[in-house]
2 protein chains.
Amino acid sequence: MTHANSHTLYDLLGITLPIIQAPMAGVQGSALALAVSQTGALGSLPCAMLSPEALHAELTVIKQQTDKPVNINFFCHPLSEPDPQREAAWLNALAPYYQELGVSPPQSSAGAGRAPFNTEMADVLQAFQPAVVSFHFGLPAPDLLARVKSWGAKILSTATTVEEALWLQAHGADAIIAQGLEAGGHRGMFLTDDLSTQMGTLALVPQVVQAVKLPVIAAGGIATAQGVAAVLALGAVAAQVGTAYLLCPEASTSALHRAALASPAACHTVLTNLLSGRPARGVVNRLMRDLGPLSRLAPDFPWASAALLPLRQQAESLGRDDFSTLWSGQHASACQPIAAADLTRQLSVAR
Amino acid sequence: MTHANSHTLYDLLGITLPIIQAPMAGVQGSALALAVSQTGALGSLPCAMLSPEALHAELTVIKQQTDKPVNINFFCHPLSEPDPQREAAWLNALAPYYQELGVSPPQSSAGAGRAPFNTEMADVLQAFQPAVVSFHFGLPAPDLLARVKSWGAKILSTATTVEEALWLQAHGADAIIAQGLEAGGHRGMFLTDDLSTQMGTLALVPQVVQAVKLPVIAAGGIATAQGVAAVLALGAVAAQVGTAYLLCPEASTSALHRAALASPAACHTVLTNLLSGRPARGVVNRLMRDLGPLSRLAPDFPWASAALLPLRQQAESLGRDDFSTLWSGQHASACQPIAAADLTRQLSVAR
């Protein structure tokens, strides 16, 4: 299949293959991004869990290794204060697990990580002036966004509804990532917290294409060349693919996560707020079965995660994924343990 | 786009366009089915709410009007007994509405309609020997299925998971309708009642294609030629399209239902069990907002609906859709008030 948008795609993102490797915080760094970008597709560096120093180090590696564009991705959630009452209730709900595993609850939730894009990050970014920057959960404050746009970076952000797509278009995005309900990891929703508004990729993409003037990138459930061809038929200019890369050697996916993805368990993913405080799709594990995947007990994003850290570490040391983040979309059965460059070329084959 | 499956499709269903008009009980009869089948696609007659006499009458009309195949569709749910305690609790939950509208609750739930396929229906069907028969909620008992297969009818049924697709293949289906989460109306799920197992069309279809040897028909969120091209790219032999037909003059969609579909309200559909007892997707209305779309208060399928009937009738007479079934998939924005034959040809245009 050829499509009319190759020109748009090159002008917009500097790429020749209609594939964006989805940024996946915690399971990949510059190695995967570089392997994908070197094929002519767009690799992504997830920065939501990086310190400014770590961001600097990763951007340095990328600059040394390639002249091709790499998408630098940040979360930009409004940062809520920790709520001591909800944290206490959460620790209380988890108390039986601390006892079972013989570990102590953390003294504070400071280890929750996942800072939103801020001035410090913008300072680091400005030194490198990456050509493509993407955001999840909306867009940063206008002054921060203006800084990123000042060196000509193209801005991508995620919409999960037509309303969010229109908002992003009105607030300075250069392209929209339409994220269908099949997608793994955190839902990018930012104008609503009502999960019933979330649509499947096949319904969402054409409605976003219809509503906005910007190029649309499809995400969610795309894991094969046929899936890429399908979303191009729907009017997307490119496909953002995440889960399919998780078994690649260049990803830092843990052994437990890899085992879950390669097992029949990966047939059943759910949206859960237990692991971070925001709904994200992952393979069902013990914590979700015990508490239900969506629970009011979990504190707001990102504070839910700190209390789980000692449980996760201890359980993982015993070879158990009971408290682990096993992010996955709804098409993990297509995952293959092959080089990221080979996967990227496979995904592009129907073009 | 051409595809390799035209031969399969003609041999299987006797059709030349890769479109099946989805059977939609309560909003269409033989008129829509005939209009679609006469184009070379497959129209469908929904029989879940028909008496044997009404079925006979509809099949007679079809026989008089066309030699082309029309898909005759039945529900085949296990029929539960009404549960007086749950019915009383349901009436109690609805009591404020009876008072508000000045109507009386029904004396029994006998009016719930929606009988599963049975011997009487099979007797009527045998006299007409339709070429294509489809089922929702699994397959009927082996003896009933054998009767339908005895005259060479091709059997279609709906799968919402890979497991259901494998079950249908093992139990005598000739093709699988893979129904993604975007689809309007009742979810065809029959091996699980866990909604978190339900996948978007873009993820479900290729995994079912991969798992079974039978031809796969994609359903859910397909409302344009681009959507049809997309699911053919995923390996489906045809697309089943429902919601897009609801504004056609040949459908019997009510004025309130048409108005909801043409309004911004149709952007927000939910899965609800309030209206029948089984999860089905429709436009959000007052009852769903008041009680939450999924509630343990609603009795099992189909018994939930009888209690709503007097409320629905009275509210509708006042021009309100507060208790109405406004079934819709997640892509109602593509609905057009055009002739069903024209819509069918539009949907097929990318071939």
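Residues numbered from 1 in each chain as written. Chains lettered and ligands numbered in written order. Predicted model: local features only at pLDDT ≥ 70, side-chain atom pairs only at ≥ 80, totals over all residues.

Chemist: Would you mind going over the sheet that holds strand S7 (residues 185–186) of chain B in detail, with residue names and values included?
Modeler: Taken together, 3 strands build an open sheet; the order of strands is S7-S11-S10 (chain B) and the sheet is antiparallel. Each edge of the open sheet carries a strand with a single partner, namely S7 and strand S10 (269–272) of chain B. (Pairing = 2+ DSSP bridges. Helix = DSSP H or I, 4+ residues; strand = E, 2+ residues; numbered from the N terminus.)

Chemist: Any details on the nonpolar core? Residues and values, ideally.
Modeler: Core analysis: the largest hydrophobic core is formed by 238 residues, its most contacted members being Ile176(A), Ile217(A), Ile176(B), Ile217(B) and Ala236(B). Contacts of Ile176(A), omitting those with residues within four sequence positions, involve Ala159(A), Ala165(A), Leu168(A), Gln169(A), Val208(A), Val212(A), Leu214(A), Val216(A) and Ile217(A). (Core = buried A, V, L, I, M, F, W, Y, C linked by C-beta atoms within 7 Å. Buried ≥ 20, exposed ≤ 12 C-beta atoms within 10 Å, placed from the backbone. Contact = placed C-beta atoms within 7 Å.)

Chemist: Describe the pairing of strand S5 (residues 154–159) of chain B, naming the residues involved and giving the relevant values.
Modeler: Residue and element names in this part refer to chain B. With 5 of 6 residues buried, S5 lies mostly within the body of the structure. Pairing of strand S4 (residues 132–136) with S5, which is carried by 4 bridges, proceeds in the parallel orientation. The partner of Val-132 across the bridge, within S5, is Lys-154. Running through helix H6 (residues 142–149), the crossover from S4 to the neighbouring parallel element S5 is right-handed. The pairing of S5 with strand S6 (residues 175–179) spans 4 bridges and is parallel. Looking across to S6, one finds that Thr-158 is bridged to Ile-177. For the crossover from S5 across helix H7 (residues 162–170) to S6, the handedness is right-handed. (Right-handed = clockwise from strand over helix to strand, strands pointing away.)

Chemist: Tell me about the relation of the copies chain B and chain A, and please be specific about residues and values.
Modeler: In summary, the two copies of the chain are related to each other by a rotation about an axis coupled with a shift along it. Rotating chain B by 180° and translating it 0.0 Å along the rotation axis places it on chain A, where the RMSD comes to 0.0 Å. Here the copies are linked by what is in effect a two-fold axis. Across chain B, the smallest distance between a C-alpha and the rotation axis is recorded for Ala230(B), namely 2.0 Å. (Least-squares fit on C-alpha atoms with pLDDT ≥ 70 in both.)

Chemist: Requested: an account of the interface of chain B and chain A, with residues and values cited.
Modeler: Accessible area lost when the parts come together is the quantity often used to give the size of an interface. The interface is formed by 31 residues belonging to chain B together with 32 residues belonging to chain A. Put simply, the parts of the chain that give the side of chain B that touches chain A at least two residues each are helix H8 (201–211) and helix H9 (225–233) of chain B. Each residue belonging to the side of chain B that touches chain A can be placed in one class, and the counts come to 14 nonpolar, 16 polar and 1 charged. (Nonpolar A, V, L, I, M, F, W, Y, C, P; charged D, E, K, R; others polar.)

Chemist: Explain helix H2 (residues 30–37) of chain A residue by residue, including any values.
Modeler: Among the 8 residues of H2(A), 7 are classified as buried, and the element is accordingly described as predominantly covered. Taken as a whole, H2(A) has its buried residues at Ser30(A), Leu32(A), Ala33(A), Leu34(A), Ala35(A), Val36(A) and Ser37(A).

Chemist: Explain the domain arrangement of chain A residue by residue, including any values.
Modeler: All names here are of chain A. Partitioning chain A into structural domains gives domain 1 (1–77 + 114–253 + 335–351) and domain 2 (80–112 + 263–333). Inter-centroid distance (C-alpha atoms) of domain 1 to domain 2 is 26 Å. Counting from both sides, the interface comprises 17 residues of domain 1 and, opposite them, 16 residues of domain 2. Taken together, the residues that form the side of domain 1 that touches domain 2 break down as 5 nonpolar, 9 polar and 3 charged. (Domains from an automatic or database assignment.)

Chemist: Could you give me a rundown of the sheet that holds strand S10 (residues 269–272) of chain A, with the residues and numbers involved?
Modeler: All names here are of chain A. The 3 strands lie next to each other as S7-S11-S10, forming an open sheet whose pairing is antiparallel. Edge positions in the open sheet fall to strand S7 (185–186) and S10, since each of these has one partner strand only. Examined bridge by bridge, S10 and strand S11 (residues 280–283) share 4 bridges and lie antiparallel to one another. Bridge assignment links Leu-271 to a residue of S11, and that residue is Arg-281.

Chemist: Could you give an account of the environment of Leu195(B), with specific residues and numbers?
Modeler: Residues and elements named next belong to chain B. Within the fold, Leu-195 resides in the loop between S7 and H8. Along the chain, Leu-195 and Leu-181 lie 14 residues apart, while their C-alpha atoms are 9.3 Å from each other. Setting aside residues no more than four positions away along its own chain, Leu-195 makes contact with Leu-271 and Pro-279.

Chemist: Can you lay out the pairing of S11(A) for me, pointing to particular residues and giving the numbers?
Modeler: Direction of pairing for S7(A) relative to S11(A): antiparallel, over a ladder of 2 bridges. Counted as the bridge partner of Gly185(A) is Arg281(A) from S11(A).

Chemist: Describe helix H13 (residues 340–347) of chain A, listing the residues and the values that go with them.
Modeler: Among the residues making up H13(A), those that are buried are Ala340(A), Leu343(A), Thr344(A) and Leu347(A). Relative to the axis of H13(A), the buried residues are bounded by an arc of 100° and lie together on one face. (Arc of directions from axis to C-beta.)

Chemist: Could you give an account of unusual backbone geometry, naming the residues involved and the relevant values?
Modeler: Residue Pro302(A) follows Phe301(A) across a cis peptide bond; omega there is -5°. Here Pro302(A) is to be found in the loop between helix H11 (286–291) and helix H12 (304–317). Positive phi, close to 45°, is recorded for Gln129(B), a residue that is not glycine. Take Gln129(B): it is sitting in the loop between helix H5 (119–128) and S4. C-beta crowding within 10 Å serves as the criterion here: with 14 such atoms nearby, Gln129(B) is assigned to the partly exposed category.

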